Amino acid sequence: MEYQEFNITCTSEYKDILIAELADIGFDSFLETETGFDACILSGTLDTSLWENFLAQYEKPAQIKVNERRLPKMNWNEEWEKNYDPISLTDKVYVRATFHPSRTDEFIHEIIINPKMSFGTGHHATTFLMLEWMLSLDLQAKKVMDAGSGTGILAIMAKKLGAKEVIAFDIDEWSVENGNENFEINGLTGLYMQKGSITTVKAPGHYDLILANINKNVLLDEIKTYSTKLTPAGQLLLSGFYEGDSEDIRREAGLYNLKPVGQKTNHQWAALLFTKTP
């Protein structure tokens, strides 16, 4: 049994969208790279017309370049485990998979994530930045929204930091399934990931903190809605964009009474914290 592997170079803001689109047409594993990602599908199962439609739609706007090769049969779980290491943030957070040993005696919080195809293991700079910011915030008894939740790692972190209620959702069915699996693995009851966007999911009331680690274009479209869902003096934590795009995010946020509090950067990626003002 062979696999077709497509090495895809693309612009960063389209990466998550492209992965979601390819998952919908049958690709079953993805690996992020510095220039884009690798996508694999079982040989003989790729629908040529769907692939051509995908390229026609995204090749120019996402600046896609594709290299293809065939891979021999292998134990994909074994290969994945070889390349997936735990991460840590000082002595406060340890993120691991189920096949890694526990280290609860060394860290305040331990998060277990089996990511499958979903984005958000802590390895990417934007997820790391979001976790780093969250550790500096007071989430005790707060109401939190995690928009575009991916693996659910930020929702899990919010609960471990004392949030009384967390609403999580994602537009991708695979992410929803994976996120709910991760909630269960971490022993979190009463936390369920919905499928949909901020305009379609059930998210009543207002929130003390909204988390959104999504690409720049989605953030710019949704900042206005985030502002309407925040409590007075509520906080908005955003990432998923490069440091050079921070001014565009700040400018849009300023239109909706969102005052910048601070910025963290990691490998040219950025995360911005805002507070809602009267």
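Bear in mind the structure is a predicted one, so any value in this text is a computation, not a measurement. (Residues numbered from 1 in each chain as written. Predicted model: local features only at pLDDT ≥ 70, side-chain atom pairs only at ≥ 80, totals over all residues. Heavy atoms only, no water.)

Visitor: Can you walk me through the environment of Val66 in this structure?
Guide: With respect to the helices and strands, the residue Val66 is situated in strand 4 (residues 65–71). A C-alpha to C-alpha distance of 9.6 Å links Val66 and Leu55, two positions 11 residues apart in sequence. With near-sequence residues (within four places) excluded, Val66 lies in contact with Phe6, Asn7, Ile8, Trp51 and Leu55. (Helix = DSSP H or I, 4+ residues; strand = E, 2+ residues; numbered from the N terminus. Contact = heavy atoms within 4.5 Å.)

Visitor: Explanation requested: the pairing of strand 12 (residues 230–242) in the structure shown.
Guide: Taken residue by residue, a regular strand's side chains alternate between the two faces of the sheet. The pairing of strand 11 (residues 207–213) with strand 12 spans 6 bridges and is classified as parallel. Its bridge partner being in strand 12, Ala212 is matched across the sheet by Leu238. Bridge analysis of strand 12 against strand 14 (residues 269–276) gives 7 bridges, and the strand direction is antiparallel. Residue pairing in the sheet places Phe241 in a bridge with Ala270 of strand 14. (Pairing = 2+ DSSP bridges.)

Visitor: Explanation requested: unusual backbone geometry in the structure shown.
Guide: In most cases, non-glycine residues show a negative phi, while peptide bonds are predominantly trans. For Gln63, which is not glycine, the phi dihedral falls at a positive 55°. Tracing the sequence through the fold places Gln63 in the loop between helix 2 (48–58) and strand 4. What makes Gln63 exposed here is its relative accessible area of 53%. With phi around 70°, Ala233 is a residue other than glycine that occupies positive phi space. Turning to its location among the elements, Ala233 is positioned in strand 12. Among the residues examined, Ala233 registers a relative accessible area of 54% and is labelled exposed. (Buried < 20%, exposed > 50% of the residue type's maximum accessible area, 1.4 Å probe, protein only.)

Visitor: Any chance you could explain the sheet that holds strand 7 (residues 109–112) here in plain terms?
Guide: Sheet strands associate in pairs through backbone hydrogen bonding, adopting either a parallel or an antiparallel arrangement. The 3 strands are arranged 5-6-7 in an open sheet whose pairing can be described as mixed. Lying at the two open borders of the sheet, with one neighbouring strand each, are strand 5 (87–89) and strand 7. Averaged over all pairs of adjacent strands, the angle between their axes in this sheet comes to 15°, without regard to strand direction. Pairing of strand 5 with strand 6 (residues 93–96), which is carried by 3 bridges, proceeds in the antiparallel orientation. Bridge pairing in strand 6 places Ser88 opposite Tyr94. Contacts from helix 5 (residues 153–160) reach strand 6 and strand 7, with the element oriented near 150° to strand 7. (Axes fitted to C-alpha atoms, helices over the stretch in contact; angles between N-to-C directions.)

Visitor: Even after reading the chapter, I still don't get the sheet that holds strand 8 (residues 143–147), so can you show me in this structure?
Guide: Strand order across the open sheet formed by 7 strands is 10-9-8-11-12-14-13, with mixed pairing between neighbours. Of all the strands in the sheet, the pair left with one neighbour each is strand 10 (193–195) and strand 13 (258–266). Shown here is a sheet whose adjacent strand axes are inclined to one another by a mean of 15°, direction ignored. Here helix 6 (residues 173–185) sits on the sheet and contacts strand 9 (165–170) and strand 10; the angle it forms with strand 10, its principal contact strand, is near 170°. Of the strands in this sheet, strand 12, strand 13 and strand 14 touch helix 8 (residues 246–254), which is tilted by about 15° from strand 14.

Visitor: Explain the pattern of salt bridges to me, please; I cannot follow it from the model alone.
Guide: It is possible for side chains bearing opposite charge to pair when their charged atoms get close. Under the criterion given, the structure shown has 8 salt bridges. As a salt-bridge pair, Arg96 and Glu110 come within 3.1 Å of each other at their nearest N and O atoms. With Arg96 in strand 6 and Glu110 in strand 7, the pair connects residues that are 14 residues apart, well separated along the chain. Exposure class is identical for Arg96 and Glu110. Each is buried. Residue Asp248 pairs with Lys216 through a salt bridge whose shortest N-O separation is 2.8 Å. One end of the pair, Asp248, is in helix 8; the other, Lys216, is in helix 7 (residues 216–229), and 32 residues separate them in sequence. Assessed through its relative accessible area of 27%, Asp248 is described here as partly exposed. Counted as one network, the salt bridges with shared partners bring together Lys216, Asp245, Asp248 and Arg251. (Salt bridge = Lys/Arg side-chain N within 4 Å of Asp/Glu carboxyl O.)

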